[in-house]
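Architecture and fold: a report
The residues making up each chain are set out below.
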Amino acid sequence: MKVILHIGAHRCATRSFQNYLTRKGDHLSQYGIVSWGPERTRKGLLHGVQPGAVSVTGRDPVERAKGRIALQLVAMQEAGTAALVISDARMLGALEQSLSLGALYPGAGEQLSRLDHAFDGAVTDVMLNIRSPESFWASALSLRLEQSLRLPNARTLARIAASPRSWRDVIQDIYCAMPGARIRVFAHEVFASQPEAQLSAMTGVDCPPARGSFRLNACARLPELRSDLPERFARALPEGDGRWMPFSEAETASLRESYYDDMMWLVGGADGLAELVEDPNKSDITATPPAAADRVPQDDLTRGQMHDPDTGRLAGTG
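The sections below set out a description of the structure shown in this document. Per chain, residues are indexed from 1 in the order of the written sequence. Local features are withheld for residues below a pLDDT of 70 in this predicted model, meaning they are given only at 70 or higher, and side-chain atom pairs are given and counted only at 80 or more; totals for whole chains, interfaces and linings count all residues. To obtain the side-chain values, all non-hydrogen atoms of the structure were included, while hydrogens and water were left out.

Some thoughts on the overall build of the protein
Within the protein, the secondary structure is distributed over 14 helices and 6 strands. Any residue under 20% of the maximum accessible area for its type is buried, any over 50% is exposed, and the rest in between are partly exposed; the area is computed with a 1.4 Å probe on protein chains only. For the protein, with 318 residues in total, the buried portion stands at 50%. Per-residue accessibility takes into account occlusion by the displayed protein chains alone, with areas from the Shrake-Rupley method and a 1.4 Å probe. Summing over all exposed atoms, the protein offers an accessible surface of approximately 14300 Å²; the carbon and sulfur share of this is 49%. Only DSSP runs of H or I covering at least 4 residues are called helices, and only runs of E covering at least 2 are called strands; the numbering of each starts at the N terminus.

Some points on helix 4 (residues 61-78)
The first and last C-alpha atoms of helix 4 sit 26 Å apart over 18 residues, in line with the 26 Å expected at 1.5 Å per residue. Turning to helix 4, its buried residues are A65, K66, I69, L73 and M76. For helix 4, the arc enclosing every buried residue in end-on projection is 100°, short of the 170-degree limit, so these residues lie on one face. In this structure, helix 4 carries L71 and E78 as exposed residues pointing more than 90 degrees from its buried face. Check the buried side of helix 4 and you find it contacts strand 1 (2-6), strand 2 (33-36), helix 3 (38-45), strand 3 (83-87) and helix 6 (108-118). Regarding helix 4, its N-cap is D60, as a side-chain oxygen of that residue lies 2.9 Å from the backbone nitrogen of V62 further along. How far a helix is expected to stretch is found by multiplying one less than its residue total by 1.5 Å. Note that the arc is computed from the directions linking the helix axis to the C-beta atoms. Residue contacts are counted whenever heavy atoms from the two residues lie within 4.5 Å of one another. Identification of polar contacts relies on pairs of N or O atoms within 3.5 Å, with a donor-acceptor requirement for protein atoms, meaning one able to donate a hydrogen and the other able to accept it, and with residues adjacent in sequence counted only if both atoms are side-chain atoms.

Notes on the packing of helix 7 (residues 133-148) against helix 14 (residues 249-267)
Orientation is described by axes fitted as lines to C-alpha atoms, over the contacting stretch for helices, and by angles from 0 to 180 degrees between their N-to-C directions. Relative to each other, helix 7 and helix 14 sit at 120°, their axes nearing to 7 Å. Here helix 7 lies oblique to helix 14, going by the angle between them. Contacts from P133, E134 and W137 in helix 7 reach T252, L255, R256, S258 and Y259 in helix 14. Note that Gly is not counted as nonpolar here; it falls among the polar residues with everything else outside the nonpolar set of Ala, Val, Leu, Ile, Met, Phe, Trp, Tyr, Cys and Pro and the charged set of Asp, Glu, Lys and Arg. Here the contact of helix 7 with helix 14 is built from residues that sort into 4 nonpolar, 2 polar and 2 charged. An angle below 35 degrees is treated as roughly parallel, one above 145 as roughly antiparallel, one from 65 to 115 as roughly perpendicular, and anything else as oblique.

Quick notes on the layout of surface pockets
Rolled over the atoms, a probe with the dimensions of a water molecule shows which regions are left empty. Buriedness of a pocket was judged along seven lines, with at least five required to meet protein on both sides within 12 Å; pockets are open sets of points on a 1 Å grid over the protein atoms alone, cavities are sets where a 1.4 Å probe fits but cannot get out, and lining residues have an atom within 4 Å of a point. Grid points are joined across faces, edges and corners, and a volume is the space filled by probe spheres set on the points. Its volume calculated, the second largest pocket comes out at about 510 Å³. Lining the second largest pocket are 24 residues; nearest its centre among them are L46, H47, G48, V49 and Q50.

Points about the nonpolar core
Of all hydrophobic cores here, the largest spans 84 residues; its most connected members are L92 and F119. Per element, the largest residue contribution to this core is 6 residues, and it comes from helix 7. Apart from residues no more than four positions distant in its own chain, F119 is found in contact with V3, L5, L46, I69, L73 and I86. We define the nonpolar core as a collection of buried residues of types Ala, Val, Leu, Ile, Met, Phe, Trp, Tyr and Cys that are connected through side-chain atoms lying within 4.5 Å of one another.

A word on the pattern of salt bridges
Pairing between side chains of opposite charge can happen when their charged atoms approach one another. Salt bridge, as applied in this entry: a Lys or Arg side-chain nitrogen positioned within 4 Å of an Asp or Glu carboxyl oxygen. The final tally for this structure, using the stated rule, is 10 salt bridges. Between R42 and D88 there is a salt bridge whose closest N-O contact spans 2.6 Å. Of this pair, R42 sits in helix 3 while D88 sits in the loop between strand 3 and helix 5 (95-101), placing them 46 residues apart in sequence. In this structure, D125 and R184 form a salt bridge, with 2.7 Å as the shortest nitrogen-oxygen distance. Taken together, the residues D125 in strand 4 (residues 125-130) and R184 in strand 5 (residues 182-187) connect sequence positions 59 residues apart. D125 sits in the buried class, given a relative accessible area of 4%. With relative accessibility at 5%, the residue R184 sits in the buried group. Each of the salt bridges in this network shares a partner with another, and the network as a whole consists of E96, R144 and R150.

Put into structure tokens, the structure is as follows:
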């Protein structure tokens, strides 16, 4: 049985992918594909894996978690499951920690190492979505502004833009934490609107196409932000109808350049650590790495919340 961890990242259409798994669950189960989302991972399954409050019973929470996970995996395998997809961006780390420190998932290695220990080496595949940093950070900052009314100052933005940590470092941390798993990387600019292509690449099954408004949690555009926020925050936002991009031109260029470097490293084989999944439509991402965040039409996205906070034909494996 394949055990696939879909670890996000945040703001990379992760909830849309989870929505697709839920909407197509009955179809996928016919081919032995089962998915667990945040409704499972955050309600007991992974309790005790990461440091936290110690149980009053005195029992080792990590060992209890290992036993709980092992029982669940055995039950899935005995039920004939061919691939179990566990999707939760929080497994990679807390988005707020990245925002506070101004670096991409600085605790990813420790987080995933504990997770690998809890799964006792059962994880076969890791699925990571990445996004051009200027768009990733802008989306994360916009979400934080909506939720907690916190505007970044110039020093915060400069620290993020100057951070030497890139997706390459995150991938290296994942490899060190889970050396037995195959790591596959999906560019948000290519795959945000293709959840079926992502799942097909991971499972080898020709998965049904996504239909309807499955996309969730798109970043609010400037008019929405200005209308939803208190006046003093709305006045601090620039004019225009597009997305809020808080970085200066120089900072944006620096962040985008780091993404070009990461993409070329991935295209070149990533030193054997990970595999960049190609566009199923055969577009050549090797010639021009997808650095521009607006490559995917985002007007089509439907805003909403699921966590942290149709029909189709399924072919056989191949």
